[in-house]
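Architecture and fold: a report
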Amino acid sequence: MTQSLDISHAANADRASCVKENLAGIGFDALKKTLEDRGIEPKKVNMRARQLWRWVYHYGVRDFSGMTDIAKAQRAEFEDWFELKRPEITEALVSVDGTRKWLIEYGPNTEAETVFIPDVGRAGALCVSSQVGCTLNCSFCHTGTQKLVRNLTAAEIVRQVMVARDALEEWPTSNENRKLTNIVFMGMGEPLYNLDNVAEAIDTISHNEGISFGRRRITVSTAGVAPLIPELGRRTNAMLAISLHATNDDLRNELVPINKKYPLKELFEAIREYPDLGNSKKVTFEYVMLKGVNDSVAEAKDLLRLLRGTPAKINLIPFNPWPGSQYECSDWETIENFAEVLNRAGYSSPIRTPRGRDILAACGQLRSESVKQKASDRRKAELAAKTAAEGTAAE
Ligand code: SAH
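Residues numbered from 1 in each chain as written. Predicted model: local features only at pLDDT ≥ 70, side-chain atom pairs only at ≥ 80, totals over all residues. Heavy atoms only, no water.

Attention now moves to the packing of aromatic side chains. Two descriptors summarise a pair of aromatic rings, namely the distance from one centre to the other and the angle between the planes of the rings. In total, this model carries nine aromatic pairs according to the counting rule given. Taking the centre distance of 5.6 Å and the plane angle of 10° together, the rings of Phe 268 and Phe 285 count as stacked. Of this pair, Phe 268 sits in helix H10 (residues 264–272) while Phe 285 sits in strand S12 (residues 283–289), placing them 17 residues apart in sequence. Each of the two residues, Phe 268 as well as Phe 285, counts as buried. Aromatic ring contacts, followed pair by pair, group Phe 28, Trp 53 and Tyr 57 into a single cluster. The ring of Trp 171 carries Arg 165 above its face, with NZ or CZ at 4.7 Å from the centroid. (Phe/Tyr/Trp six-rings, centres within 6.5 Å; stacked < 30°, edge-to-face > 60°. Helix = DSSP H or I, 4+ residues; strand = E, 2+ residues; numbered from the N terminus. Buried < 20%, exposed > 50% of the residue type's maximum accessible area, 1.4 Å probe, protein only. Lys NZ or Arg CZ within 6 Å of the ring centre and 35° of its normal.)

Looking now at the packing of helix H6 (residues 195–206) against helix H7 (residues 229–236). Direction vectors running N to C along H6 and H7 enclose 25°, while the axes themselves pass 10 Å from each other. Taken together, the axis directions place H6 and H7 in an arrangement best described as roughly parallel. For H6 against H7, the interelement crossing comes out right-handed. Each of Leu 195, Asp 196, Ala 199 and Ile 202 in H6 lies in contact with H7, whose residues at this interface are Glu 231, Leu 232, Arg 235 and Thr 236. Along the lines of polarity and charge, the residues of the contact of H6 with H7 split into four nonpolar, one polar and three charged. (Axes fitted to C-alpha atoms, helices over the stretch in contact; angles between N-to-C directions. Parallel < 35°, antiparallel > 145°, perpendicular 65-115°, else oblique. Left-handed = near helix turned anticlockwise from the far one by under 90°. Contact = heavy atoms within 4.5 Å. Nonpolar A, V, L, I, M, F, W, Y, C, P; charged D, E, K, R; others polar.)

Another point: the environment of Phe 268. Judged by its relative accessible area of 2%, Phe 268 falls in the buried class. Sequence separation between Phe 268 and Gly 224 is 44 residues; the distance between their C-alpha atoms is 9.3 Å. Dropping the residues within four chain positions of it, Phe 268 is found in contact with Leu 244, Phe 285, Leu 306, Leu 307 and Thr 310.

For the rest of this paragraph, the subject is helix H12 (residues 332–344). Over its 13 residues, H12 runs 18 Å from end to end, which matches the ideal 18 Å to within 8%, given 1.5 Å per residue. Of the positions making up H12, those classed as buried are Ile 335, Phe 338, Ala 339, Val 341 and Leu 342. Each buried residue of H12 sits inside an arc of 150° when the element is viewed along its axis, so together they form one side. Among the exposed residues of H12, those pointing more than 90 degrees away from its buried face are Glu 333 and Arg 344. Where H12 is buried, its residues contact S12, helix H11 (297–307) and strand S13 (312–318). In the stretch just after H12, Gly 346 is the one whose phi turns positive, near 95°. (Expected span 1.5 Å × (residues − 1). Arc of directions from axis to C-beta.)

Put into structure tokens, the structure is as follows:
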């Protein structure tokens, strides 16, 4: 499902036999390049790219027939070369609380999830995945129990936003009454291990003649790939979130093993180099509440010490259990006491209400279950198909 195409071949070969290039998800520079490669007159390339861009990302069209400001002959040519295809959605679920989850297929055995969480902040947030699977093995995260399958391409990341806007009927782009207002890279994967594609995707979704998300409404969460944190800021201007979860190296090594590579001291040095931090641009620290592990008042105070000097807000996440997990969620009272210490010190520290638990869409619950289930279903289906085929052949 990448936008791969052998362009040199496409330009010469019989058009009908060519694979069409999918423009849904493409970046602006790549769009210009592909138009150039197709032989569009150089002086018209920019204009054509802007026209197409608007149709694809402002109006969200899925075919070329409605592109009324493009002459028919040119439209026909575009239709021969290109398509505007959405990814295959293998599962679309709606939670009792309105959370929506899409399981998207990126190829055989390659699926990742996108989750829309309504009523967060001014309106709704979309939690996008940057990788299929993950390499980090955080001990409390269900996604971490899966091996990395692969990085998602920039186009595949952008298409997650397009799928959500299709379902929410948010085309054409409007700046008023949007249901989807924020994008958070808090789905599957570690965004900083796929920074090139994440940065390109952010350029596309923030482009003001298209989907037009302000960069302040895009948050990238990392488990702490310290050397890439300042670079993330320079390249994307997005908001930064850190999955912290512990206030000392010993515990963090256990919960977030990447801490062994980039311990707290190094992590905080990198965070402080994130560009433009201040009162209007704070770092969000995510802290999952694990019963008896990291939830004491003493740890809340340690957290205050650790955050001193860093413009910060804290997001307390009640642990979402998953089958086989070794942790339990802290008691509500413990979470409130923890929050109280932070609030009294002047920190905004909302407790994140678990959303979409019934459809396994909550933090750290992403994908694994459904995929494991799907893999076994698939095997069953394959077996059934094989048996049926053998039966047919025998008749
Ligand atoms: N790899 C990146 C992006 C994933 S964000 C990162 O770690 O930041 C996913 C967020 O959900 C992280 O803050 C993660 O720590 C949190 N999370 C993972 N498993 C969880 C669980 N079972 N319950 C609650 N939060 C969880």
